[in-house]
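Breakdown of the fold
Here are the chains, one letter per residue:
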Amino acid sequence: MIIKSAEFVTSAVKPSQYPPADMPEIAFAGRSNVGKSSLINTLVNRKRLVKTSTTPGRTQLVNFFVVNGVFAFVDLPGYGYAKVPLPVKKTWGPMVETYLKGRPNLKGVVLLMDIRRIPRQEEKTFIDWLNHYHIPPVLVLTKADKLSKSKQAQQRTVIATALGVDAGGLIPFSVKTRQGRTAVWEAIERLL
Ligand SMILES: Nc1nc2c(ncn2[C@@H]2O[C@H](COP(=O)(O)OP(=O)(O)OP(=O)(O)O)[C@@H](O)[C@H]2O)c(=O)[nH]1
Ligand SMILES: [Mg+2]
């Protein structure tokens, strides 16, 4: 994918604030602090298109970006971070669910998981839920630079088993080394 442009469009909490559904869209989801905003920046070769944070739970809105003027990326707020205030937690579920269920131009969801963590019920439920709504998932294992190549291979198998998916379908990725960038793009291009 050759990136000619990447622009922030808008932030939304409800459908009336979404931009028009006039181009194919890919959303990025995962626990807070897993590296969603960092992945988007790496994909579009920009350092700060999307704000990343040292404070987990910073992305609390549905943020829309347009790439090359022809498709959109959506940075979803992270889930499961304990320090997010309760009122924010209560709006997270409905806000994300409303987006995922009601977006006619949504072509797929990139689900990010930390390569060092064994996914729990949350991730499994989310994948089942995506399947139920016929939204194809792309599964990315972030922060791969934190593990050696052999440990990465091990974790990939452990995570695949925990999720009940094929290990080949899990893409190890790192912002630091850019490992996996091409593979993630290939998966996204297939969906677009
Ligand atoms: N070592 C390493 N650190 C990473 C990687 N990706 C993200 N990080 C770090 O993890 C932290 C969180 O990254 P973000 O991209 O802001 O995560 P997020 O999922 O968007 O977080 P929220 O918006 O809070 O849900 C930042 O300090 C990043 O620098 C990676 O591949 N390797
Ligand atoms: Mg973020």
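Residues numbered from 1 in each chain as written. Chains lettered and ligands numbered in written order. Predicted model: local features only at pLDDT ≥ 70, side-chain atom pairs only at ≥ 80, totals over all residues. Heavy atoms only, no water.

1. Things to note about the packing of aromatic side chains
Aromatic ring pairs: the centre-centre distance and the angle between the two ring planes describe each pair. Across all of its chains, the model carries nine aromatic pairs by this definition. Ring geometry for F28 against F73: centres 4.9 Å apart, planes inclined by 75°, an arrangement best described as edge-to-face. In this pair, F28 sits in strand β2 (residues 25-30) while F73 sits in strand β4 (residues 71-75), placing the two residues 45 residues apart along the sequence. An aromatic cluster is present here, built from F28, F71, F73 and W185 joined pairwise through their rings. (Phe/Tyr/Trp six-rings, centres within 6.5 Å; stacked < 30°, edge-to-face > 60°. Helix = DSSP H or I, 4+ residues; strand = E, 2+ residues; numbered from the N terminus.)

2. Points about unusual backbone geometry
Unusually for a residue other than glycine, N45 sits at a positive phi of about 60°. With respect to the secondary-structure elements, N45 resides in the loop between α1 (36-43) and β3 (62-67). For N45, a relative accessible area of 44% translates into the label partly exposed. (Buried < 20%, exposed > 50% of the residue type's maximum accessible area, 1.4 Å probe, protein only.)

3. Describing helix α5 (residues 181-191)
Along α5, the residues classified as buried are R181, V184, W185, A187 and I188. Here the buried residues of α5 occupy an arc of 160° about the axis, which is enough to place them on one side. Exposed and oriented more than 90 degrees from the buried face of α5 are T182 and R190. Looking at the packing, one finds that the buried side of α5 touches β2, α1, β4, β5 (106-114), β6 (137-142) and β7 (170-172). (Arc of directions from axis to C-beta. Contact = heavy atoms within 4.5 Å.)

4. Notes on the pairing of β5
β5 sits mainly inside the fold: eight of its nine residues count as buried. Judged from the six bridges that link them, β2 and β5 form a sheet pairing that is parallel. Following the sheet pairing, F28 is matched in β5 by V110. In this sheet, β6 lies alongside β5 in parallel orientation, the contact comprising six bridges. The residue of β6 that forms the bridge with L111 is L139. Taken together, β5, helix α3 (residues 121-132) and β6 form a β-α-β motif whose crossover is right-handed. (Pairing = 2+ DSSP bridges. Right-handed = clockwise from strand over helix to strand, strands pointing away.)

5. Digging into the pattern of salt bridges
In the structure shown here, the tally under the stated rule is five salt bridges. Between E122 and R31 there is a salt bridge, with its nearest N and O atoms 2.5 Å apart. On the criterion of sequence distance, the pair formed by E122 in helix α3 and R31 in the loop between β2 and α1 is long-range, its members being 91 residues apart. Exposure remark for E122: the relative accessible area of 35% places this residue in the partly exposed category. The buried category is assigned to R31, whose relative accessible area is 17%. R117 serves as the salt-bridge partner of E123, at 3.3 Å between the closest nitrogen and oxygen. You can call E123 buried: its relative accessible area is 1%. (Salt bridge = Lys/Arg side-chain N within 4 Å of Asp/Glu carboxyl O.)

6. Re the nonpolar core
Grouped burial of nonpolar side chains is what soluble globular proteins tend to show. L76, Y99, L100 and V109 are the most contacted members of the largest nonpolar core, which totals 30 residues. Contributions of two or more residues to this core are made by β2, β3, α2 (86-102), β5, α3, β6 and α4 (149-163). Discounting residues that sit within four places of it in the chain, V109 has contacts with A27, A29, L100, F126, L130, I135, P136, P137 and V138. F28, V44, F73 and A187 belong to the second largest nonpolar core, which has 25 residues in total. (Core = buried A, V, L, I, M, F, W, Y, C linked by side-chain atoms within 4.5 Å.)

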